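# Descriptive structure summary
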Amino acid sequence: MLKQKWVAVALATATFSFGVQANELSNLRDLQIDLLERFDLLQQEVQMLRGMIEEQAVTIDSLQQDGRNRYLDLDSRIGALQSQPAPMSEVVAASSASQVEAVVPAVELGDPAQESAEYQAAFGLIRERKFDDAQDALLLFGQRFPAGALRADAQFWLAQVYDAQGKPGDAISAFTRLLTEHPDYRRATQAELKLGRLQLANGFTADGQQTLGRLIERAPESSEATQARDLLTD
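Residues numbered from 1 in each chain as written. Predicted model: local features only at pLDDT ≥ 70, side-chain atom pairs only at ≥ 80, totals over all residues. Heavy atoms only, no water.

## Some thoughts on the environment of Thr-176
The residue Thr-176 is located in helix α6 (residues 168-181) in this model. Judged by relative accessible area, which is 36%, Thr-176 ranks as partly exposed. Along the sequence, Thr-176 and Ala-191 sit 15 residues apart, while their C-alpha atoms lie 8.6 Å from each other. (Helix = DSSP H or I, 4+ residues; strand = E, 2+ residues; numbered from the N terminus. Buried < 20%, exposed > 50% of the residue type's maximum accessible area, 1.4 Å probe, protein only.)

Below is the structure:
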């Protein structure tokens, strides 16, 4: 009788221990899933931050080049004016003031400095995660500077904003337009990876496979191509 009680106690203890272990395994699995989701989110944020840093460097180079070009243009205009003898009738104070105004270029809608300022304002809204405001600013930027030097960059970030807003249809259209209008854009591989992923995730399987295939063919050694291969084998 005592032996039976001992066996019953042992079985009960083993059952309890097994139940505890099962609960611990379930909790560990939940923790692992949560960590994987957090890691994926961090990867996306790191990618966006890297893009922002690259964007700042390109903008600084653009502004520096624009400043040099303006200086050279202004210097050449001043030299041209100095080499031309002024008529005696123009040697008056009012005439001198009008000549100064003619030398200094006016700020126009298509001016690179104005374009850069408006682009940076829109990009600042992305950094602040004000995606609705950023969308409006980038759309307006595209209308005001349809042939600007930063047009492709604005289109790239507009597509990213649509993705962040949970608008996959708009994001797919924006990335497609970017790659069609600017096939040699410096972030083309990033755009193709984003586009292919969105297409696969939203039921456009054939289009997604084609997009990722082009990416692999374009830059087979890139990290984006490695990710594209992983997506195609999933």
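## Things to note about helix α5 (residues 151-164)
The periodicity of an α-helix, 3.6 residues per turn, causes residues three or four places apart in sequence to face the same way. Taking 1.5 Å per residue as the helical rise, α5 with its 14 residues ought to reach 20 Å, and the 20 Å between its terminal C-alpha atoms agrees with that figure. Of all 14 residues that make up α5, twelve are buried, and the element is covered over most of its length. Taken together, the buried positions of α5 are Arg-151, Ala-152, Asp-153, Ala-154, Gln-155, Phe-156, Trp-157, Leu-158, Ala-159, Gln-160, Val-161 and Tyr-162. Backbone geometry just downstream of α5 places Gly-166 in the positive-phi region, at approximately 80°. (Expected span 1.5 Å × (residues − 1).)

## Brief notes about the side chain of Gln-155
Here Gln-155 lies in helix α5. Discounting chain neighbours no more than four positions away, the residues touching Gln-155 are Ala-174, Arg-177 and Leu-178. (Contact = heavy atoms within 4.5 Å.)

## Some points on the packing of aromatic side chains
The tally for this structure, following the rule as stated, stands at seven aromatic pairs. When the centroid spacing of 5.2 Å and the interplanar angle of 85° are considered together, the rings of Phe-156 and Trp-157 count as edge-to-face. Residue Phe-156 shares its accessibility class with Trp-157, and that shared class is buried. Taken together, the ring pairs connect Tyr-119, Phe-123, Phe-141, Phe-145, Phe-156, Trp-157, Phe-175 and Tyr-185 into an aromatic cluster. (Phe/Tyr/Trp six-rings, centres within 6.5 Å; stacked < 30°, edge-to-face > 60°.)

## Side note on unusual backbone geometry
A negative phi angle characterises most non-glycine residues, just as the trans form characterises most peptide bonds. Notably, Arg-129 is not glycine yet its phi reads approximately 60°, a positive angle. Considering the arrangement of structural elements, one finds Arg-129 in the loop between α3 (112-127) and α4 (131-144). What makes Arg-129 exposed here is its relative accessible area of 54%.

## Concerning the pattern of salt bridges
One pass over the structure, following the stated rule, counts seven salt bridges. Between Arg-144 and Glu-118 there is a salt bridge, with its nearest N and O atoms 2.6 Å apart. Of the two residues, Arg-144 is situated in helix α4 and Glu-118 in helix α3; the sequence distance between them amounts to 26 residues. Residue Arg-187 pairs with Asp-153 through a salt bridge whose shortest N-O separation is 3.5 Å. You can see Arg-187 sitting in the loop between α6 and α7 (188-201) and its partner Asp-153 sitting in helix α5, a full 34 residues away along the chain. For Arg-187, a relative accessible area of 0% gives the class buried. Assessed through its relative accessible area of 3%, Asp-153 is described here as buried. (Salt bridge = Lys/Arg side-chain N within 4 Å of Asp/Glu carboxyl O.)

## A closer look at helix α9 (residues 223-233)
Every buried residue of α9 is listed here: Glu-224, Ala-225 and Ala-228. Relative to the axis of α9, the buried residues are bounded by an arc of 95° and lie together on one face. Buried residues belonging to α9 abut α7 and α8 (205-218). (Arc of directions from axis to C-beta.)

Note that all results are geometric; they support no functional claim without further evidence.
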